[in-house]
Structure formats: C-alpha cells, structure tokens
Amino acid sequence: MFTIRASKPLIVHTTLLATLLLLLSKASLSSTTATTSGHCQPHSTKNNRWKAGIMVPRQPILFLSHGGGPCFFMNGAGSPFAAVDKDSKVTKQYKQLATKHCPEKPSAIIVVSAHWEGAKGKIEVTGSANPGLLYDYYGFPKETYAPYLTYDAVGNPELASSIVAAMNKADLPATLNTERAFDHGVFIPLKLLFPEADIPIVQVSLHSSLDPELHTSMGQVLGKLLNSNPTVLLVASGQATHNMQATRSGPQAPGWATQFVDWMKDTSMTPAYTSQERIAKLHAWADLPSARQAHPREEHLIPYLVAVAASTVRAAPTAERDQCEEGGKAGEQAADERGAAIDATSDACSPTASVIMESWMAGHFSLLSLKWA
C-alpha cells in the first residue's frame, strides 16, 4: 500500500521534472544561438555592435541644423523666428528626434559645434568634468539666459582625453581645454533632444583654418573612435545654409539655398558614391555656384563635413556587417580591423544618410538635419 501510494506522486514529479528540464534546455539553446549567431537575425541586429561579447545598440551620427540662437525656447511672434519658436511645428519635431532615431539613451555625446574655433592652431576638446554654459548669443529675451534657460550636463574627461589622443595619433593638432564651457551649438539642440541633461558631453572645436581636408580627417578619426564606442552619439551641430546678410525672403527657400541643400543631400545620400567620392565632393564644396551665398563664411557647414567623413569609416548596418562582427571578442577585433582598413576598402561599407528633419527659416536658415544609422 505504501509503495503504491508513493509511486504515483513519484511518477508525477518525475514527469514534471523532465518536462521542466527539457524546457530549460531549449531556452538555454535558444539564448545561446541568439547571442553567438547574431548575423542570422538581421532584423534585430542590423544597428548593433558587439562590445565585450555583448551585443549593444549602436548610436547614429547626427548632423543637426541648430537654428538661430535660442529660437526654440522663445516666443517669436512678430519676428523672423516665428516659424521656429517654442510653439512651432519645427520645435515639436526637434523634441521627437532622439526618441525616433536613437536606439536608447547614449552613454555619452560628442558634439562638434560651429560656434567654437580652437585657439593657437589647435583642435580643442572640453576637458572639464563640469564645463557650464556659454550664452554666446545677444539681444534675445531674458528667458533665454540663466537662470531661466539652463542645461546642467556634465563633461567626460576620460572620453575627452581619448579623443585628443586619437587626434594626435593621426597627426591632428588637438589639445584639452579645461576652462571652456558648452556653447549654444551644444546646449540648445541637446536640451531639445535630451532635456534631462543626464548624459555626459564632450565638445570638440573646429580648427580655425576651416580647412575641408583637415576637418574630413578629423571626422574620420571620430568615426573610428565610434567603432569601438558604439554607445556614444556623435552630433555635428551647424546649419545647412547660414547667410545672415540675405534678404528675408518669406517662408520659401530662395533658389541658391535649395541648390545648396540639394548638393548636401546628394553628397550624403546617394548610394552609388564611394567613400572617396564623398570626401572629394566635400573638399570641393566651395566650387559650387551657390556656395558663398549659402555660406559666406563656412564655420556652420564644417560640422556637416565632419559628420559625412565620420560616416565613411563606419561600416553599413547590414547582414554583411553583422557577419563581420560575429561573436564576442573575435567579432569586435574583426570589426575594428575592418574599420582600420576602411579607407582602402570602404566602397561597400559607407552608409548613406537619411533626412530626419527639413524646414526653412525665413531669411537665411535651412534646417536640414540628417542621420547616419
């Protein structure tokens, strides 16, 4: 009697245990397959990178047209800023860019701003842990200055030092600046995208020469740095067109502005171009008929050159790239080797840009903004 009563629950428990072990075994196998064979899952891995054996979402490269001063945070009624003020459709679109185009919150942000040109022939990089803000615009309403408009993001000295080291290794004259604060080319667009100000930021200056070749080299250095730091977001903050002296022309873009924006789209969005061809077009930008109407001085265009150049050393987010990155440390090494050799073999690896926002600010600003996945 005792044996019969004991055998029934024993059979039930043994069956349940066997079933449970089978399910756990299948789950473990499925998990292992997903981790080690990411290239077989193109829809889930196409924008990801392997980092220390773990697949992580890869941040995009952004070129942002940052508007006029603090326009997105003021009441522009009755002024040229009405179409881009705090209540405008453009501002609402701007506030959605991070949600739509960043896979998750970046671990850090590198910003190349049109509003900082390095001193003494150097590319300068903010090295402070708490840089503060530089309100480098004038004559705007009081609510666009401290204490009403603030952005308390911290710096990242370690990342800053890595940038300087990478630049110097590439024979670019870079140095840390521990005194420089973030200018409005940094905090105005980032306050729209990441209003919590809880992501460390490093700002990188332009070189005072505004030389196209130097800045495409700088962009490629930053692009290669992103290959080994896929959770870091690169933001190039400038303006698609920037003619402060242009006659205000109403809500429609004048012909010269349209022509120049079309060139920007063609250069960064045409799949047929090789990386070398894209770089050559950037170097020859001033030869365009509309060049000096769009940019009488090119400091607001140079961040676009940096962004395009960074994309040319960035492998395309395709199944081919996933195969290049297969499996943990070996995959990361393969990806880095591919990135290092990309200057010679990048024709199939350079991604094209996509338009993430486009508008026109009456008078002189095209607000074209672009993303490289």
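Keep in mind that this is a model prediction, so the values were computed, not measured. Every residue gets a number counted from 1 within its own chain, in the order that chain's sequence is written. This being a predicted model, a pLDDT of at least 70 is required before a residue's local features are given, and a value of 80 or more before pairs of side-chain atoms are given or counted; all residues contribute to the totals for chains, interfaces and linings. To obtain the side-chain values, all non-hydrogen atoms of the structure were included, while hydrogens and water were left out.

### Considerations on the pairing of strand β3 (residues 61-65)
Burial of β3 is extensive: 5 of the 5 residues sit out of reach of the surface. The two faces of β3 match: I61, F63 and S65 on one face and L62 and L64 on the other face are all buried. We treat two strands as partners when DSSP finds at least two bridges between them. Secondary structure elements are defined from DSSP: runs of H or I of at least 4 residues count as helices, runs of E of at least 2 residues count as strands, and each element is numbered from the N terminus. Two elements, β3 and strand β8 (residues 232-238), share 5 bridges in a ladder whose sense is parallel. Pairing of L64 across the sheet is with S237, part of β8. One ladder, built from 3 bridges, connects β3 with strand β13 (residues 369-372); its direction is antiparallel. Each bridged residue has a counterpart across the sheet, and for F63 the counterpart in β13 is L370. The buried label goes to any residue with under 20% of its type's maximum accessible area, the exposed label to any with over 50%, and the partly exposed label to all in between, with areas taken from a 1.4 Å probe on protein chains only.

### Concerning the packing of aromatic side chains
Only the six-membered ring of Trp is used, alongside the rings of Phe and Tyr, when aromatic pairs are assigned; centres must lie within 6.5 Å, and planes under 30 degrees apart are stacked while those over 60 apart are edge-to-face, with the rest tilted. All told, the structure shown has 12 aromatic pairs when counted by the stated rule. On the numbers, 5.1 Å between centres and 45 degrees between planes, the contact of Y137 with Y145 is tilted. Y137 sits in the buried class, given a relative accessible area of 3%. Here the aromatic residues F81, Y135, Y137, F140, Y145 and F187 are joined through ring pairs into a cluster of three or more.

### Some remarks on the nonpolar core
In this description, a nonpolar core means a group of buried Ala, Val, Leu, Ile, Met, Phe, Trp, Tyr and Cys residues linked to one another through side-chain atoms lying within 4.5 Å. I163, M167, V204 and Y304 are the most contacted members of the largest nonpolar core, which has 53 residues in total. Here this core takes 8 residues from helix α10 (residues 302-311), the largest share from any one element. Contacts are residue-level and defined by heavy atoms, with any inter-residue pair within 4.5 Å sufficient. Excluding residues that lie within four positions of it along the chain, M167 makes contacts with I123, L172, A174, V204, M218, V221 and L222. Counting residues in hydrophobic clusters, the runner-up holds 41 residues, among them L64, C102, L233 and V235.

### A few points about the sheet that holds strand β11 (residues 360-361)
Spatial ordering of the open sheet is given by β9-β12-β11, a layout of 3 strands whose pairing is antiparallel. Strand pairing shows two members of the sheet lacking a second neighbour, β9 (241-242) and β11, which therefore form its edges. Of the strand pairs in this sheet, β11 and strand β12 (residues 365-366) are connected by 2 bridges, and their pairing is antiparallel. Its bridge partner being in β12, M361 is matched across the sheet by F365.

### Some points on helix α8 (residues 275-283)
Note: α-helices contain 3.6 residues per turn, so residues at a spacing of three or four share the same orientation. Where α8 is concerned, the buried positions are S275, R278, I279 and L282. Angular distribution of buried residues about the axis of α8 spans 95 degrees; they occupy a single face of the element. Packing partners of the buried residues in α8 comprise α6 (212-227), α7 (255-269) and α10. This arc corresponds to the set of directions leading from the helix axis out to the C-beta atoms.

### What about the pattern of salt bridges?
Salt bridge, as used here, is a side-chain nitrogen of Lys or Arg placed within 4 Å of a carboxyl oxygen of Asp or Glu. By the definition in use, this model includes 8 salt bridges. Between D183 and R180 there is a salt bridge; the shortest N-O distance is 2.8 Å. A relative accessible area of 15% places R180 in the buried class. Ionic contacts of the salt-bridge type, sharing partners, join the residues E117, R297 and E299 into one network.

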